[in-house]
Amino acid sequence: MMSVPGRRSTALFIAGVVVASSATALGWTATAAPAPRFDPVVAQLKSGSLSGRVEFVPLDETVLIEASFTGLDPREQYSASIHEFVTAAGKGCEGVGRLLDPMDLSKSPAYRPDPADFATAAVGDLTAKFGRFEADRNGEFEFRGIDSTFSVNDLVGRRSFMLDGPDGATCATIERMPQG
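Remember, it's a predicted structure, so these values are computed and weren't measured experimentally. (Residues numbered from 1 in each chain as written. Predicted model: local features only at pLDDT ≥ 70, side-chain atom pairs only at ≥ 80, totals over all residues. Heavy atoms only, no water.)

(A) Fine view of the nonpolar core. In terms of nonpolar packing, the biggest core is built from 28 residues, with Leu45, Phe56, Phe69, Leu72, Phe161 and Leu163 touching the most fellow members. Of all the secondary-structure elements, those providing two or more residues to this core are strand 1 (41–47), strand 2 (50–58), strand 3 (63–70), strand 4 (77–83) and strand 7 (160–165). When near neighbours in sequence (up to four residues on either side) are disregarded, leucine 163 contacts Leu45, Leu50, Phe69, Leu72, Tyr78, Ser79, Phe133, Gly168, Ala169 and Thr170. (Core = buried A, V, L, I, M, F, W, Y, C linked by side-chain atoms within 4.5 Å. Buried < 20%, exposed > 50% of the residue type's maximum accessible area, 1.4 Å probe, protein only. Helix = DSSP H or I, 4+ residues; strand = E, 2+ residues; numbered from the N terminus. Contact = heavy atoms within 4.5 Å.)

(B) Local environment of the state of the cysteines. If you walk through the whole model with that rule in mind, you get one disulfide. Through a disulfide, cysteine 93 is tied to cysteine 171; the S-S separation comes to 2.0 Å. Measuring the twist about the S-S bond at about 110°, one finds the cysteine 93-cysteine 171 disulfide to be right-handed. Of this pair, cysteine 93 sits in the loop between strand 4 and helix 2 (126–130) while cysteine 171 is found in strand 8 (residues 168–173), placing the two residues 78 residues apart along the sequence. (Disulfide = S-S within 2.5 Å.)

(C) Structural detail: the pattern of salt bridges. Evaluation of the coordinates by the stated rule reveals seven salt bridges. With its nearest N and O atoms 2.9 Å apart, the salt bridge here joins glutamate 66 to arginine 144. Of this pair, glutamate 66 sits in strand 3 while arginine 144 sits in strand 6 (residues 141–147), and the two are 78 residues apart along the sequence. Connected through salt bridges with shared partners, the residues Glu84, Arg98, Asp104 and Lys107 form a single ionic network. (Salt bridge = Lys/Arg side-chain N within 4 Å of Asp/Glu carboxyl O.)

Take a look at the structure:
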């Protein structure tokens, strides 16, 4: 017997519509259990003319990363990462520790993350996941990306965000957003 492509999926779709319609007619509604809610957290960077803000917004099982920077050199490339520890007051990036990498992926000599598969990159290696970036001609850069390898709760008050460029690194502790 020969199968007709798409016929089974069409039948399953129709069956699903019938079941859904019957459930609605009976007054049933499908609701998912509410996911734990965490407020967004933020890292605010300031060093010389460089100013930036990186916001980590919790979604269902992913994190939306929104970043905005000014004062960058438009001729240079920058990388971004999350590190193990918070920044010490007045110490810049000193003491932020290694790249956040609980599986020690980046320690392997064969570390070659695939941007199409975040599981191949260290958790904090945002450059491996999203690539290096360049500012526009005004020295500004904006970014939005989704990451599923960590949660906001993994970051707040325990990690630092690092922006690394030609003039060195700038770091900031990832904290709860200021109220008000």
